[in-house]
Amino acid sequence: MKIVIFSFIIYFFIFLKLKVVNSQTVQVFDISDQSIDTYNKYPSQSSTNYCTFEIFILSVFDIELDSESFSISTNYTPPSYFTKITPTLKLSNQTSQIYSLKFENFYNGQYTIQVQSSIFDFYSGSTIINLNCELYDENSIEFEFTANNRKEVSFFSYNGILTIKGLKYKGGDIIDILPGGLSLYFYDIEQGIANYLFGVLQQPNDKFITNVNYTMKFYGFSKNITITPLFNYYSNNQNNDCLIYPQTYNFTRNSYFGSAIYKVITNYTDNEPLLLGILSTKSLVTDKLYPAYQTENGIVYIKEFFGLGDVNLQLYTQYGSSIVLIKNSTIQINDIESKSSVPLVANSIIYDNPNIGNHNYNKSMFTFDFNSTSKFDNTKMFYSYRWFSKTFEWPFGFESGNNFKYIYRSSFLQELASPNHLLDNTIDIQINYYMNKNSKLSNILSVDQNNDYIPTIEIKWVEFKHLYISNYLVRIILVEKINDGIAQIDFNFYNMVEFLNQDNSIDGESVEYEINHKTDASIFQVIFFDLNGNRFFGDSQNQAFYSINPPLNFDLSPFKLNILEIDNISFLFNNINTTNRSVDNIMYLNHTDPNASIGIFFIYHYNNDQTIDKIDYARWNSTIKMFQLEFTVPANYKSGPFSYAIVMGIYSNYSYYLPYYYQLNVTSSKFDLYGPIFKTINKTSSSNPNSIKWSLEIEDQINGFDRGEIIVRGEMDGSIYKFQLSTLSRIGGDQFLGQYEIVVNISNVCVTQNYIITDVRLYDTQGFLSEFNQTAEFIQSKNSFINFLDDPSINKIQLNCLSFIDDSPPILLSFKSWMNISSDDTQTLFFEFQVTDPQSGIKEGQLPIVYSTTSLLNTIYNSSVIKSTDGDIITYSCMISVPFGFAYNSDVIFSVYGLINNAGYYSGYSAKRIQDEVSSTDYKMTGFILSKKPIIQSTTEITSSGGGLLIKGKNFKHGDIVEINYVNSVGKKISTPIYIYCSSIFIDDIIPTKSPFTIKIIQLNGNSSNEFIVYPRVFNFNYNDPEPTNQPTNEPTIQPTKAPMICSGNPECGGVNNGYCKQNYGCICYSPWLGIDCTSKVIIVPQPEPNTTNPSTSIPIDGNNNNNNNSENNSENIIFQSLISLVSLRELDFNSKPVNTFNFEKWIYSKIDNFTNKYETTIIVPPIGPNENSTTTTITATLQWFEEKSNIIFANQNLTMNPSTIKYTIEFSQYKFKNKLNGLQLIMSASLSSSQTDDICSDKQFGETTDEFDDVSNYLKIQVGDHSLYGRFIKRAIVDSLVKSISNELLDSSMNPILSASTSQSYIGIILPNYGNSIIIDPDFSVLLDSKSADSSSNNSICTNDSSKLTKAQLAGIIVGSNQTIFLKKMDSKLKHIN
C-alpha cells in the first residue's frame, strides 16, 4: 500500500510539472558566428566530398528547471554511420542551455535542418539551420606558386607558397598532392584566396635541380602544377675538405647531450653551394649545413652528429650543377658515464594540520621526501602541481648528504579543495625531464567532508584590447561568491601571467581585474585560474561561451591579424657593407591597420639552429604613414640577403618568399657567425694552500671575444663558483686571441673531489656565442670545448686532500623571520639565522639560500650574506623583496638550503624541518597586503629616436601624469598620458635621447609611484658606403647628381599659394601642386582595369569631372585617354648604336594583390660566337597602383608617390652582352589623347625634376588641353645589388611618335649599364590637371585651326592638324593592339 501511495505522489508531481511546462515556451536561437564560412564550407580534404560544421544553439525556458530536463535534437536522419550529428553541452543554468552541434561528414549539397529543443521529451521550440557543403569549382580556381627565393634546403624546407585563388569560402585544411608531396595549411584571407606552404621531402636526387610536376587532387577533377626546385643554381664550389672531430671511431660524451661534429671547408666564390648531411641511427635526419665563419682556406660549415651508438654520415655537396657524395663515415657515440636518477616512489608524503595560519585561507602544508644513492649531476627538478609547474635548481630540496648519497625533502602549501577536485591534487617530481627520469609522488589529501567550501568562478564580462605593439589589455569582471578572485591567466597553455590587478568593487558583487599582457602570437585559448587553482577555459577556435544570459563568448578579434596585408617593405639602407662594422638600419613596411601588432625577427642561419634575435615590434610612424623598425645588422655578416621573418599572431612570413625588392642586401669581405672557443687549456692544482686553475686561451679571429660566463661546481658537495670574463680579466693577448685564468681557492680542511666546469657561455663583440652545459641541451656545433672533444675530462680537475672524517652535515641553530612594510607599501622579508659545523667548519664562499613559498608553487628566494662569525658559528642575514600580489590571501612558508661544510657534506631545512627542529613560529608568515599605490613594473622598449612608451604596472588611475627626468640639460618634463588603464599608461612624447632617464607616476591624491629607470636602445643611422678596394674599373658606385635649377613660371612657381623658389633647387611646390612651375596638380581617378595581356596601362579620365575653374565649361563630355607601355629592349654599343633589338611579344600575367600586378616575358639573346648557345633573359614588370599619397624608398632615394600613380618596377635577369662596353636601352611609350578635336592644343616637356629632397629624376610631361600625363624616370637603378647612376633620353626624333592637337605621344629610352646578374628600375606615372591649357606659346605645341587666334606656331599646328584623322586612326589602332 505504501508503495502505491509513493508511486502516486511521484506521478502526481510529474503531472503538475508537465502542466506547467505545457503552459510555457522554449525559445531556440542560433548564436553561432554569422560569417559565411560558418554555414558554407569546402571539404577539409580536397579529394573528398564531405564537410564538417559546428553550430551553437541557445535554448531559453520561462521557468527554472534542472539542466537534465532539457534535450536537443534535429529532424535530420543521417544516411549512414559516417555522417553524424553530435551535441555537446557547453554552458547551462536553470533556465538556459548552450549546445554545440557538430554536423560531421556531411556530403556535398545543401541542407535545411530543424533544430529542436525539448523538455521532458515534449517538443517546445525550434530554429532552422541552412548548411552548404560545396565542392571546389574546377572552372573558377587558379593556382599561383611563389618560390623560395633563398633556396633554403632542410628536412622541413618548403619550396614555396602555393596560392589558390577564386575561392568563395575559406579553403580546406588539406590539399592532396601526388606524387609524394607535403602540403600544410598556412593561412587564409578574405576575397577568395587561400595560401599553403608547399614542400617536397628532400633527398639528394634530381628533385633538387629540376622542376617537378605535381597533381593537385580534388573531388571529381585534378589540377597540374609545376613546382620549382629548392636548388637550381650553379656554384663553382669544388675540392671540399670534410673532417670529423674527434678523429676517432669511438667517442664518449662529456655532457648529457654531447656529440661529435663534422666540419666542411668550401672554396666557392659565387653562389653558396648546397651541403646536405644525412645521419642515420634509429631514424633518418636530413639537414642542410649553414656557413659558420670564414678562414683563409674558405668558408667553414660545422654540424653535429645526432644519436647514440653507430651513427652513419653521408655528406652530399654541390659541384657546379651536380650533387655528389663526398663523405660516408660511421662513428660510435657513447653516453656520458653517469646520469642523475631518483627512486620511482617517495618515502612518504606528510600532511600537516590545515590550520597552519589563518583558518580562512584554507591551506595545508605537505612535505615529501626520498632517498637516493645515485649520483646527482646538477640537473633541474621539475615540479608540477595540478595545473601549475615550477623548476627548481640545486640546492632546493637537498636536506642532507652529498651528491653521491642524499636525502631530498621539501614542503609546499596546498589548498583545501572540495571533494569534486580531489583527484587534481597530485605532485610530480621530474629529474631532468629530457632524460625521462621521473618520480611521481602522488596522494589525495583527506578533507573533512563537512567542509562546505566549494571553489567557484563565474565570469560576467571579458574584454581583450590591443594597446601598443605586442601588448594587450585583458579586462575581466567576475561575480565572486567567497572571495576567490582571479590569480593568473594562462594563454595557449603556456605563458602564465602574474597576479592580476584588482579594481574596486563595481556593484557590491562584481569585481574588475585587468592585466597588461605581452604576446608574440595570436591567443586561441585562455584559461583563468582562481586563487585556489581552479580553472575555466575559453577557446576562440571553439567559440567558447563564458556567459549564458546574455550569451557572450571570448572575443579575441584583436589577436586575429592578417599578415598578407603587409606590403611595400623597404629599408633606410637597402644595400650595406658589414665588413668589420655593424650597421644600424630601419625597416619600413605598410599595413592597412595602424594599430596592428607586427613582429619582426632576424635569422642568422647557422646550422640547423635558425638562431634568431628576440622579436622586435614595428612602430607606426604617423608622419610617413608606415610602420618602421630600427635594428642592427651585425658586423661581418655573410654576403647575400639578410634573412628576416614578419610575425602577426600565429602567422609568419619569411623573407625567402618575398619579392627581391623586399630584400636587404649585404656585402662583406669577412664573415663570422660563430662564437669564441677555447683554443688551448692547461689544468693545474696545488696544495697548501689548496687551489685549482684552468689557464684558458680564447680565440675569435674575426669579431673578437667580448665577454663570458663560467660556472665551476664541486662534484661531491655541489659547491658553486661563478666567474665573469671580460677585457678587464684578460692577462695576455688581445680580443682575437687572449689568455685568461679561472682559479678556485679551497681551505686546507677539504675533501678529495673533482671540480667541474659545468656551464660556459662565451660571446663575441656581435653577440654570437659558444656554450657548454653538462646536463642541459645545447647546439653541439657551438661547443666551447669543440677543440677538445677527444678529452671528456678536459673540464675536470681533481683536488686531492688529506683524509678527514666528518660525516655530519651543518646544523641550523636558529631561524628568525619578519617583514617590513614601508610607507609606499613596499614589502620586504628579512631573515636571520645561525649555522654551525664544529667538526670541519662551513665551506668558505658558499652562501645558503632562503626560499619563500606560497600556494600554487609560487616561490621567491635570495642568497644570504654573512653578518658575523663567532668561532664555528656563522650568523647569516637575508633580504627578499616581495613582488606585487605575492601571498595575497595566502600563507607563506620558509625553507633554507645550501649549507655546505669542508668535508663534502651539505644540509638543508624544509619548512617542516624548521618547524620541528628550529622554530615552531618563524617557519611561516601571514599578513601580506595588496598595495593600492601606483607601481611601475616595466615599460616597452624605446629607442634613442624617442616617441611612444607604454608603462606597465599596477594601480594607475585616470588623472595620473608622468614625470620624466632626463639626465641632460632638458631636466624634468611632465607628460599627459594618451590613455590610462589600471595596469597601463601610454605616453607619446619621449624626446630623442641616448641617455637613460627616469619616469614616475604622480596621482591627483598626492600618491606617487616608484622611480623607474628607462634605458633607450641606441641607434646611429650614419652609414656610408666604405671606400672601395680593388674594385674593377667598370664597376663604379657613382650616385647621380642634380645640376642647379632655376625657377620658372609666371607668376614664379605658380604664385605664393602654389610654391616658392629655392636657390639651385628650382620651384618647391606645396601639396597638391607639382611640376617645374607648380601649376599642375594630381587628379584622383579610379584605378584602371589591369591589362591581362601585357604591362600597358590605359587610364581613362573624365575631363568634365576635373574641369579647371579657369576653363570654359563644355556641353559635351570630354574624355581623355592615357596609355603607358613597354615597347622594346635594345643592346647598344659604346657609340649608342643598336647591336640587338628585342620586341616584347608574349607576357605571362599574374595578380599579386588588388593594387599590384606582375608581368613576365623572356627574350632569346643570340650567341656571341659560332660555338656558343643562345641565352635567355627574363624581364619582370611589376605594376603597382597607389590610391593614396605614400612614401617609398628606391635605390636609397626617398620618393613620394602621389594618389592615382602607377609605378613600374622592372627587373632584368642576367643578360649576355656582346661586349663589356655595351649597355641596354629600354624603350617606353607614353601618350595622352582627348575626345575634343577642335579648339585644343597639345604640348610636351622633358627635363629634370625640382625637389628639395634631391629627387634626382627626369620628367616627361605630355599635355593635351588642360590635362597632362606626367612620367618620372629615376636616374638611379639597383645594379647587381648596388645603387648606380643611369640616364634617360627622349627618342621622339627617331621613333616617329603620333602627334596632333588632341593626341601626343613620346618615346623614352632608359639607358642601363653593363651588369652581371640583375638590374632594377622604377619609373612612375600620374595624371595631372593644369592651371593653364596648352596653347601656341610653346615651341613644342600643336593646335587646331581657330580663325580668331592664328599665330605662326598655330599655323604649324594647322598643318599637322590637317592629317589629324590619320593620326587618330593610327593611335586607335595602337590602343586596340596593346589592349
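Model, not experiment: these values are computed from the prediction.

S.K.: How do you make sense of the overall build of the protein chain when you look at a structure like this?
M.R.: Helix and strand counts for the protein chain come out as six helices and 104 strands. When burial is assessed residue by residue, the protein chain has 54% of its 1379 residues classed as buried. Once local pairs closer than 6 in sequence are excluded, the contacts in the protein chain between residues at least 24 apart make up 68%. For the protein chain, the exposed surface amounts to about 60300 Å²; the carbon and sulfur share of it is 49%.

S.K.: What's the story with the side chain of Thr266 in this structure? I'm lost.
M.R.: Counting through the fold element by element, Thr266 comes out in strand E18 (residues 261–266). Once you skip the residues sitting within four places of it in the chain, Thr266 turns out to touch Asn237, Asn240, Pro273, Leu275, Asn297, Gly298, Ile299 and Tyr301.

S.K.: I keep staring at the pattern of salt bridges and nothing clicks. Help me out?
M.R.: Side-chain pairing between opposite charges can occur once the charged atoms of the two side chains come close. Scanning the model with the defined rule gives 24 salt bridges in all. Across the pair Asp916 and Lys912 runs a salt bridge, and its minimum N-O distance is 3.5 Å. One end of the pair is Asp916 and the other is Lys912, both in helix H3 (residues 911–918) and four residues apart, which spans about a single turn. For Lys912, a relative accessible area of 17% corresponds to the buried category. Residue Asp1324 is joined to Arg1272 by a salt bridge in which the shortest nitrogen-to-oxygen separation is 3.0 Å. Residue Asp1324 is found in strand E103 (residues 1324–1330), and its partner Arg1272 is found in strand E97 (residues 1267–1274); the two are separated by 52 residues along the sequence. On the basis of relative accessibility, which here comes to 8%, the residue Arg1272 falls in the buried class.

S.K.: Whenever I open this one, the environment of Ser126 confuses me. Can you help?
M.R.: Residue placement: Ser126 occurs in strand E8 (residues 122–133). Excluding residues that lie within four positions of it along the chain, Ser126 makes contacts with Val28, Gln114, Val115 and Gln116. A polar side-chain atom of Ser126 sits 3.3 Å from a polar atom in the side chain of Gln114.

S.K.: Would you take a moment to explain the sheet that holds strand E55 (residues 677–686) for this structure?
M.R.: Whether parallel or antiparallel, the strands of a sheet pair through hydrogen bonds between backbone atoms. Reading across from one edge, E55-E56-E60-E59 is the order of the four strands in this open sheet, with antiparallel pairing throughout. Two strands close off the open sheet at either side, each with one partner strand: E55 and strand E59 (732–733). The sheet contact formed by E59 and strand E60 (residues 737–746) spans two bridges and is antiparallel. Opposite Gly733, over in E60, you have Gly738 as the bridge partner.

S.K.: Teacher, can you tell me more about the nonpolar core here?
M.R.: A general trend in soluble globular proteins is that nonpolar side chains are found buried together. Counting 58 residues, the largest nonpolar core has Phe305, Ile569, Ile598 and Tyr644 as the members making the most contacts within it. For Ile569, the residues in contact, after removing those within four places along its chain, are Met587, Tyr588, Leu589, Tyr644, Ile646, Leu658, Tyr661 and Tyr662. Counting residues in hydrophobic clusters, the runner-up holds 50 residues, among them Ile1099, Phe1142, Leu1183 and Trp1185.

S.K.: Please clarify how the side chain of Asn577 should be interpreted in this entry.
M.R.: Tracing the backbone through its elements, the reader meets Asn577 in strand E44 (residues 575–577). Polar side-chain contacts of Asn577 include one of 3.4 Å to the side chain of Thr667.

S.K.: Explanation requested: the packing of aromatic side chains in the structure shown.
M.R.: Any pair of aromatic rings gets described here by the distance separating the centres and the angle formed by the planes. In this structure the tally under the stated criterion is 60 aromatic pairs. An angle of 50° between the planes, with centres 5.3 Å apart, marks the rings of Tyr1149 and Tyr1159 as tilted. You can see Tyr1149 sitting in strand E88 (residues 1148–1153) and its partner Tyr1159 sitting in strand E89 (residues 1156–1165), a full ten residues away along the chain. Residue classification places Tyr1149 among the partly exposed residues on the basis of a relative accessible area of 25%. Through a chain of ring-to-ring contacts, the aromatic side chains of Phe370, Phe376, Trp394, Phe398, Tyr406, Tyr408 and Tyr906 assemble into a single cluster. Of note, Arg707 hangs over the ring of Tyr763, and the distance from its end group to the ring centre comes to 4.1 Å. The ring of Tyr909 carries Arg913 above its face, with NZ or CZ at 3.8 Å from the centroid.

S.K.: Got a minute to help me understand the state of the cysteines in this structure?
M.R.: Cysteine pairs can be linked by a disulfide, which is a covalent bond between their two sulfur atoms. For the structure shown, the criterion picks out six disulfides. Two residues, Cys51 and Cys133, share a disulfide whose sulfurs are 2.1 Å apart. On the S-S bond that ties Cys51 to Cys133, the torsion sits near 70°, and the link is right-handed. Here Cys133 lies in strand E8 and Cys51 lies in strand E3 (residues 50–61), a separation of 82 residues in the sequence. Accessibility classification places Cys51 together with Cys133 in one group, the buried group. The disulfide partner of Cys750 is Cys801, and the gap between their sulfur atoms is 1.9 Å.

S.K.: How should unusual backbone geometry be read in this particular structure?
M.R.: Leaving glycine aside, a negative phi is the common case for residues, and trans is the common case for peptide bonds. Note that the residue after Tyr245, namely Pro246, is joined by a cis bond; omega there is -10°. Its location among the elements puts Pro246 in the loop between strand E16 (241–245) and strand E17 (250–252). For the bond from Asn1050 to Pro1051, the omega torsion is 5°, close enough to zero to count as cis. When you line up the elements, Pro1051 lands in the loop between strand E80 (1012–1014) and strand E81 (1059–1062). Its identity as a non-glycine residue notwithstanding, Asn105 has a phi of 60°, on the positive side. Topologically, Asn105 is positioned in strand E6 (residues 96–107). With a phi close to 60°, Ser1204 is a non-glycine residue in the positive phi region. In this fold, Ser1204 is placed in the loop between strand E92 (1197–1201) and strand E93 (1205–1212). On the basis of relative accessible area, Ser1204 is assigned to the buried category, the value being 3%.

Rules and cut-offs
- Residues numbered from 1 in each chain as written.
- Predicted model: local features only at pLDDT ≥ 70, side-chain atom pairs only at ≥ 80, totals over all residues.
- Heavy atoms only, no water.
- Helix = DSSP H or I, 4+ residues; strand = E, 2+ residues; numbered from the N terminus.
- Buried < 20%, exposed > 50% of the residue type's maximum accessible area, 1.4 Å probe, protein only.
- Contact = heavy atoms within 4.5 Å.
- Areas by Shrake-Rupley, 256 points an atom, 1.4 Å probe, with all protein chains shown as cover.
- Salt bridge = Lys/Arg side-chain N within 4 Å of Asp/Glu carboxyl O.
- Polar contact = N/O pair within 3.5 Å; in protein donor to acceptor, adjacent residues only side chain to side chain.
- Pairing = 2+ DSSP bridges.
- Core = buried A, V, L, I, M, F, W, Y, C linked by side-chain atoms within 4.5 Å.
- Phe/Tyr/Trp six-rings, centres within 6.5 Å; stacked < 30°, edge-to-face > 60°.
- Lys NZ or Arg CZ within 6 Å of the ring centre and 35° of its normal.
- Disulfide = S-S within 2.5 Å.

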